Amino acid sequence: MTAWARWCHRHRLLVLVLWVGVLFAVGAAGAATGKDYSNDFSLPGTDSAHARDLMEQARPGGAGDPGTVVWQVTEGSVHDPEVRERIAPVLREIAGLDGIGAVGSPYGADPGAAARVSEDGRTAFAEVFFTEQANAVPVDLARDVVDTARAAAGDGLRVEVGGQAIARIQQPHGGTSELVGIAAAAVVLFLAFGSLFAMLLPIVVAVFGVGTGLLATMLISHGTAIPDLAPMIGSLVGLGVGIDYALFIVVRHRRGLLRGEDPETSLVAALNTSGRAVVFAGGTVCIALAGMLVMNLRFLDGIVIATVLTVMLSVLAAVTLLPALLGFLGHRVLSRRQREAVRPADRPAQEAPSGLAVRWSAVVERRPKALVALALAVLAVLSLPLLSLRLGATDQGNHPEDLTTRQAYDLLADGFGPGFNGPLVVVAEDADPDAVRRLVVRVEEDRGVARVAAMPPAHGVSAIQIVPTTPPQAEETDRLIDRLRERHLPQAGLDGHVGGVTAVFKDFAQQTGERLPYFVTAIVGLGFVLLLIAFRSLAVPLTAALMNLVAAAASFGAVVAFFQWGWGLELIGLDRAGPISAFLPVIMLSLLFGLSMDYQVFLVSRMHEEWTRTGDNARAVRVGLAETSRVINSAALIMIFVFLAFVLSGDMEAVVAGAGLAFAVAVDAFVLRTALVPALMHLLGRVNWWLPGWLDRRLPHLALEAPDPATTGSVPAGPEVTKGTEGTEDGSAAVHGFVRTTEGGPVAGAVLALRSVDGEGVDRTTSRADGSYRLAAPAPGTYLLVVRTARGGERTARVTVRGGPLVHDVEWEEWSADGAGAGV
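Residues numbered from 1 in each chain as written. Predicted model: local features only at pLDDT ≥ 70, side-chain atom pairs only at ≥ 80, totals over all residues. Heavy atoms only, no water.

Draft legend 1. Region of interest: a nonpolar patch on the surface. A grouping of Val187, Phe190, Leu191, Leu196, Leu200 and Val204 is seen on the molecular surface, where their side chains present a nonpolar patch of about 540 Å² in accessible area. For the nonpolar patch, the secondary structure elements donating two or more residues are helix H7 (176-193) and helix H8 (196-220). Using a relative accessible area of 32% as the deciding quantity, one classes Val204 as partly exposed. (Patch = residues over 30% accessible without salt bridge, like charges linked within 9 Å, V, L, I, M, F, W, Y side chains within 5 Å. Areas by Shrake-Rupley, 256 points an atom, 1.4 Å probe, with all protein chains shown as cover. Salt bridge = Lys/Arg side-chain N within 4 Å of Asp/Glu carboxyl O. Helix = DSSP H or I, 4+ residues; strand = E, 2+ residues; numbered from the N terminus. Buried < 20%, exposed > 50% of the residue type's maximum accessible area, 1.4 Å probe, protein only.)

Draft legend 2. Here's a closer look at the sheet that holds strand E15 (residues 781-788). Overall, antiparallel pairing links the 4 strands, which are arranged E13-E12-E15-E16 in an open sheet. For this open sheet the edge positions go to strand E13 (761-766) and strand E16 (794-801), each flanked by a neighbour on one side alone. Averaged over all pairs of adjacent strands, the angle between their axes in this sheet comes to 20°, without regard to strand direction. (Pairing = 2+ DSSP bridges. Axes fitted to C-alpha atoms, helices over the stretch in contact; angles between N-to-C directions.)

Draft legend 3. Here's a closer look at empty space enclosed by the protein. Per the counting criterion, the structure on display carries 4 cavities of 30 Å³ or more. Roughly 70 Å³ of volume is contained in the largest cavity. Lining the largest cavity are Thr284, Ile287, Ala288, Ile523, Leu526, Gly527, Leu530, Phe593, Gly594 and Met597. Tallying contributions element by element places helix H19 (residues 501-535) first for the lining of the largest cavity, with 4 residues. Across the lining of the largest cavity, the residue classes tally to 7 nonpolar, 3 polar and no charged. (1 Å grid on protein atoms, 1.4 Å probe; cavity = no way out; pocket = protein on both sides within 12 Å on 5 of 7 lines; lining within 4 Å. Points joined across faces, edges and corners; volume = space filled by probe spheres on them. Nonpolar A, V, L, I, M, F, W, Y, C, P; charged D, E, K, R; others polar.)

Draft legend 4. Quick look at the sheet that holds strand E3 (residues 123-130). In spatial order, the strands read E2-E3-E1-E4; together these 4 strands make up an open sheet with antiparallel pairing. Of all the strands in the sheet, just strand E2 (100-104) and strand E4 (157-162) have a single pairing partner and so form its edges. Adjacent strand axes in the sheet meet at a mean angle of 20° when their direction is disregarded. Two strands pair when backbone bridges link them, and E2 and E3 are joined in this way by 4 bridges, in the antiparallel orientation. Across the sheet, Ala102 pairs through a bridge with Phe129, a residue of E3.

These figures capture arrangement, not role.
Quick look at the structure:
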């Protein structure tokens, strides 16, 4: 990252111009082409999908979900001449629009006309059959239908429009939630930094990354199916991680400036340490999001594209645009008081952590058992509502009350019963008329059915429309679908399929629930492997995986209590509880596991660094928690405020995802990473860093971040391969390798010293948990390598460094002093 950081710093104007150019170019292209988002919840092979295919056969080009024009009078009847004179011309005008196949009017002569008027005569509706399915209906056509219909309203006549096609143009306007989240993040950043420029940098970088990602998603929607929820989820995730990633780099850069480093040197060190960690963290988030592909659900594939693209661009902005902007600012990224206190010639020692973080770290060390018990008890209580989780789907009854789709939904429920908004349809091909009649009789006797109507066969397909007595989201409606499939159809001798929007959502939820365990196994296993490679430990990734599951359970427990049970739902302006949308657990788990990895890596990497330097687990956990908790808490607060801001979006799925993720991040940062994880690590002791020798030899080596020379007394590095040589970034000579037993196991805590041939000390370090070490040599030449371990004894070898890194592995029981051929 060194060369990359220097290039971005020295060519900062070019980098800024490129980013601005790309943002405006993608924005112009998006404005010219518009967006083409679509929702597809159908699953090939399911019963509802078969029903939909048969409906397409019966009504070619018109099997999509119809729209509805609903009107209600405050006095009189919908059959009154003045009402009919206002509505009938509107329906004829809608029927004449290009893209409308037919309009089923209550004023027509068809057999179903009378059923379109409520029993009290005050409410009526017309079915608007589009020639395309709902997802393919042009936006302009849907708007024309709404504008034409609502023009008839007034003087005691309400007119509203509903349907899946209409819902696409009734989505709440975006922007407000993002602005509120950014404003809240700005307050946290200003309190943390005390500098206007330091506050603005992470926000500007996140806006560039998220803005480019959302505009690119808009373009991609013309080539592949992207659900209309994807941009909302993409901006939710992108703002959170974009601001956090920039925050980590800015904190490291400011630390370097406060030590007296010049801006370029400090920036290079920041990119070479925190920048590497940001790239790794962004990669883990993208991998966790891509885990949704395991579900094999087309609806989720579009969300994966939008979110992964936004996260990747946010990471790219953090490691390119941010260094350029830091180059423009120089020392102005510090507050005025800090700039006056630090002179370029001064190089004060690194400021030791102090205050609440240090005191809390000491409390965790003194009382780990009590904290573990308390934290687990709290998390268990929060997780209890999860036992009643019910997956389903939101519908237009969950829309904000000011939308025409919600008002049409309420008018139909009021006039025709709560189940009218979710009718079911039984479809059969080449059906025996007697079997159809038997089914109608059986269904009419079912306690969960309000009305049944058999439609005339068309193109060899028979259809029976069934209106439940309960709303579409009710459990009783799901049980009715099960009875139709498992009991009524077989007993009537009819080979049919149950379809309709409600049946599609039920099948989607069932398929999602069945595949969810595979998805959780995939992302938990992947996180375990990544942490195993990074920290060369079994306990660290195992506890991280378990803690992630606990955090997920607690957050979903809160989601169930709030949105499914309805506790306090009115506080955020929602008035109707219901099942949790089936795809939300998948999205939230992906995000939660990815974000949890960020905090785990940031916390444990500092502990690991201290452990490899001292071999003292208690000190490693105490120092790691004290030095990272403030940054983790600040980053978590930013995420929480950004996520909570999406409660203002008005979109039910975004509200649930935002509130759930905000709660999950709060639990993760303030309970798990601040208390439970460090307390468990105190209890486990040296077991935290244990890894079997046979596994250590087979695992690849991964350095999460290059070492920060200011934090150690030597020039340590991350784990490296022991075959061959490679040059260091600054061209200095070095001796590195592994200390191992004869069986190949790592020797941790061995003290290694590099001395000149006359005995003068050159460098000193301790081997890490995986046995790796690194010593800096001031110049090529011959040196003495002195090794001591806790087992006692001292061994000395003569090594020759020839201008580059010398790879020298130490086998403790069978000491070898031959370093020939190890370095060039």
